[in-house]
Amino acid sequence: MTGGDDLEPPLWEQLAEQRAELPQGIRLQKVLAATGWGSRRVCEELIAAGRVTVNGAVAELGRRVDPDHDRVELDGAPIGVRPGLVYYLLNKPVGVVATSKDTHGRPTVVDLVPADPRVFSVGRLDADTEGLLLMTNDGDLANRIAHPSHGVDKEYLVEVDGGRVSAGGLRALRDGVELDDGPTAPAKVSQPQPGVLRLTIHEGRNRQVRRMCEAIGHPVTRLVRTRIGPVTDRSLPPGEWRELTTDERRRLTEAVARSGHRYDPSL
Ligand code: URA
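Residues numbered from 1 in each chain as written. Predicted model: local features only at pLDDT ≥ 70, side-chain atom pairs only at ≥ 80, totals over all residues. Heavy atoms only, no water.

Draft legend 1. Structural context of the pattern of salt bridges. Evaluation of the coordinates by the stated rule reveals 19 salt bridges. The salt bridge involving Asp128 is made with Arg207; its shortest N-O contact spans 3.4 Å. Placement of the pair is Asp128 in the loop between strand E8 (120–121) and strand E9 (130–136) and Arg207 in the loop between strand E14 (196–201) and helix H7 (208–215), with a sequence separation of 79 residues. By relative accessible area, Arg207 is classed as partly exposed at 35%. Lys188 serves as the salt-bridge partner of Asp153, at 3.5 Å between the closest nitrogen and oxygen. Remark: Lys188 occurs in strand E13 (residues 188–193) and Asp153 occurs in the loop between helix H5 (139–146) and strand E10 (154–160); sequence separation between them is 35 residues. In this structure Lys188 comes out as exposed when scored by relative accessible area, which is 53%. The network of salt bridges with common partners includes Asp180, Asp181, Glu203, Arg205 and Arg211. (Salt bridge = Lys/Arg side-chain N within 4 Å of Asp/Glu carboxyl O. Helix = DSSP H or I, 4+ residues; strand = E, 2+ residues; numbered from the N terminus. Buried < 20%, exposed > 50% of the residue type's maximum accessible area, 1.4 Å probe, protein only.)

Quick look at the structure:
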């Protein structure tokens, strides 16, 4: 007896109908959580707060996306880590140049990290400066971090000549000092020891810290970068590198986005 078959559509038709009804894409909170933005619950809250956009439009809770094609942003910054992108934190030693090639044949930072994929350094660090340097093949993030208008803080430990810096000298650094390429933005400064400064700036002008200290009469004798936005590491030995953690990458992206500037791919 085949009466049932007459009443029911054939199995393959049922399956096709079910497939057509299946929602397309992956839930946005799942995509956010998978790229390290917190638990799904936290990610739902980000969406509910209107901080997430898909292809430029504020996303609603329940939205599904195709992570390969949709442009998902949090606070205006892309969330995803595309396959093949790497993010290294290097503790650059003195004497190593932060470019890929040096005309004087000095060792370069690319000699200290894996050769494949090819990475480049984010922003500048003088050959005679030590400390933390980000290296990546993610051009977008590199440009956004290095761009002064995005205001990612960089913290330096600075040893200066001339002993204790006076209150007036510290105030000048805090207020901004006049350099030959214009005044510097206000810096955060403390003096943990006489002649040692902890200085935080967000601009990335050429030899800026050295010129700022020179301008207040205290030439720099040693300069170490100790923090880039939220990224710091006291136990990474000079010459060594490690990958950024997912959390560091997320907080770095957040720090760039928080500066209030929308991601501009032309930068
Ligand atoms: N400021 C400097 O003067 N040099 C650096 O390498 C970084 C900041």
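Draft legend 2. Quick look at the confidence of the model for the protein chain. Looking at the protein chain, the pLDDT average stands at 85 and 84% of residues meet or exceed 70. Confidence over residues 1–5 falls short of pLDDT 50; this stretch has zero contacts with residues more than four positions distant or in other chains. Here residues 260–267 is modelled with pLDDT under 50, and outside its nearest four sequence neighbours on either side it reaches 13 contacts, counting other chains as well. (pLDDT = per-residue confidence, 0-100. Contact = heavy atoms within 4.5 Å.)

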